[in-house]
Amino acid sequence: MCGIVGAIADRDVVPVLIEGLKRLEYRGYDSAGIAVVDGSDIRRVRRTGRVAEMEGAAGSEGFSATLGIGHTRWATHGGVTESNAHPHVSHGVALVHNGIIENHEQQRERLMAMGYAFESQTDTEVIAHLIHHYLQGGDDLLGALQRAVKELHGAYALAVVSRKEPGRMVCARMGCPLLIGLGEGENFVASDVSAILQATRRVIFLEEGDTAEVRRDGVQVFDGDDQPVLREEHLSDVSLSSLELGPYRHFMQKEIHEQPRALGDTMEAIIDAGVFEPTLFGKDAEAVLRGIEGVQILACGTSFYSGSVARYWIEAISGLPCSVEIASEYRYRTAVANPKHLVVTISQSGETLDTMEALKYAKSLGHEHTLSICNVPESAIPRASKLVFYTRAGAEIGVASTKAFTTQLVGLFALAATLAKLNGRLSEEKEAEYIEALRHLPGSVQHALNLEPQIALWSESFTPRHHALFLGRGVHYPIALEGALKLKEISYIHAEAYPAGELKHGPLALVDDAMPVVVIAPNDSLLEKVKSNMQEVRARGGELFVFTDADSNFSESEGVHVIRTPRHVGVLSPIVHTIPVQLLAYHTALARGTDVDKPRNLAKSVTVE
Ligand code: F6R
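Residues numbered from 1 in each chain as written. Predicted model: local features only at pLDDT ≥ 70, side-chain atom pairs only at ≥ 80, totals over all residues. Heavy atoms only, no water.

The protein chain has the name Glutamine--fructose-6-phosphate aminotransferase [isomerizing] in an unreviewed UniProt entry, where Luteimonas terricola is given as its organism. Regarding the protein chain, the relevant UniProt record gives this comment under Subunit (unreviewed entry): "Homodimer." According to the UniProt record, the Function (unreviewed entry) comment for the protein chain is "Catalyzes the first step in hexosamine metabolism, converting fructose-6P into glucosamine-6P using glutamine as a nitrogen source." (UniProt positions renumbered as here; feature names shortened; annotations may be inferred.)

A. Molecular detail of unusual backbone geometry. His 86 connects to Pro 87 through a cis peptide bond whose omega is 0 degrees. By the element assignment, Pro 87 lies in the loop between β4 (67-73) and β5 (88-90). Despite not being glycine, Asp 226 has its phi angle at roughly 65 degrees, a positive value. By secondary structure assignment, the location of Asp 226 is in the loop between β13 (218-222) and β14 (228-229). What makes Asp 226 partly exposed here is its relative accessible area of 26%. We note that Asn 601 has phi near 70 degrees; this positive angle belongs to a residue other than glycine. (Helix = DSSP H or I, 4+ residues; strand = E, 2+ residues; numbered from the N terminus. Buried < 20%, exposed > 50% of the residue type's maximum accessible area, 1.4 Å probe, protein only.)

B. Here's a closer look at the site of the ligand. Taken together, 15 residues form the shell around the ligand, and within it Ser 303, Ser 347, Ser 349, Thr 352 and Glu 489 come nearest. The separation between an oxygen atom of the ligand and a polar side-chain atom of Thr 352 is 2.4 Å. Within the backbone of Val 399, one N or O atom sits 3.3 Å away from an oxygen atom of the ligand. Notes on the ligand: free accessible area 410 Å², of which the protein chains cover 89%. If you list the elements that add at least two residues to the shell around the ligand, you get α10 (301-318) and α17 (477-491). The residue inventory of the shell around the ligand, partitioned by class, reads five nonpolar, eight polar and two charged. (Near = heavy atom within 4 Å. Polar contact = N/O pair within 3.5 Å; in protein donor to acceptor, adjacent residues only side chain to side chain. Areas by Shrake-Rupley, 256 points an atom, 1.4 Å probe, with all protein chains shown as cover. Nonpolar A, V, L, I, M, F, W, Y, C, P; charged D, E, K, R; others polar.)

C. How the structure looks around the UniProt feature "domain: Glutamine amidotransferase type-2" (unreviewed entry) in the protein chain. The UniProt record marks residues 2-217 with the feature "domain: Glutamine amidotransferase type-2" (unreviewed entry), using the residue numbering of this structure. Annotated as residues 2-217, this span is 24% helix and 32% strand, and its ends, taken at the C-alpha atoms, are 28 Å apart.

Structure (structure tokens):
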């Protein structure tokens, strides 16, 4: 979703801002803009569409300055127009904003009564006018920002410059991530470290309620009471190479192929220890996990599906009851909390607003024991959780989540095994068997990746279709759900997933010779049941595309296509069977010519409701 970058330096910062905005493109956006302090003036350029168009306009207008801010906008309040694009300006104050101001209508009325004229439909413009209002009252830029944010309800990350104060930019954070990048004689702000990696790896993460003043020669952070406060400096380990495409056509393709490495990195500590240790989830995890009597998982989208796989594992392996719920539903219902249950939030980005709010709601109900499974260090959700398992997938740029999903599954499997161990339900032999299964996992995933040419051929059958069904049973049912989500979000083919046994209770009516049916059918205890369900499809003329593994006794026949992974990998089979459905979606989207990495209407990090 929206992205922020800002810079103050002795050199021209316009290239820094443009490069930063390009690095933020993956998050999804529909317009972009920059504002710079040029002498005693604010100059601004905004465009709908790609950053490159805005860059062209800035170039032809000769933009150059040592202080400036930039933004990529994903429309929420007001359509995709140039006047709604950020930065917004009020009488020489320019500002960029991520988040949503809930009381913007009241503020707008109030400011209009004071004589302010609005030129956009955004919630953001009120903040620019509010800051100007306080500047008029005699505050300096920092003081005006600190007063203004106290009148805002909602979520914001803000970066602000003023033509009257060319020596600094100020910023604020509440509910949306914002960090400061520390350079030599130059400093930066950004909503995501990828925007400033070109300039520095040294970062300070702002905390909720913080404001800050950023000058060329230093930075001062203030807490929510406007008191100076020291925030720790971190060295970002996001690598620039993870932001480059390399030999691949799309980031999604690159990220699918990175999975053996990503899984290996994520399980490194487990494999090194050779056992499941509570410390995988934080140094004080044992005290928390030992008393746990159940698990409540909260997540959205693909992360919800990894939670859905985990429910099967946690109940079967640890014997603890486990529920999984979509975060945006949980946060608005009257839930019954059991404080002895562990609340697990799963989020690639660590920023998803619905998941964050569900976590806050769970805490307000009395849940103290919280664990975050997350791919982005220091992001909001792990920071708000007692325990953390960081997946080490590396930056995920494609909007459709791939390597984050499979690495989440590793973390969740480790959780199931660790809870089982603490409950005395994991024998030494079983533990050794699980560790061995993990050790072989990257190799098995590589075998599944090697099926790409066959899957690409299959995709030709999907390219002209309007609908597709995905079937799975048991722990592979969530993989069918994930396969359908991947196909719909990047190829725009309507796809639905069902537990195969549910077909005859309704969806079978949809099946005819125009409906391809993808079946996840590994050689497990439910295989014979799945085979019966496939007969039901075939008898109605449905064409079957079956992903299975060794020894499952499927043979190809008319209307039944089979792709087989080399061997059955036991309990980790859902991870291996994810690969073919990712590749099927990717190749179908490729053939349909969609924007694979930035599918329409979607954003990488969903920081609005
Ligand atoms: C789908 C996808 C989304 C995300 C969802 C949650 O491919 O990526 O469904 O999984 O928006 O995002 P995170 O995991 O960042 O909380």
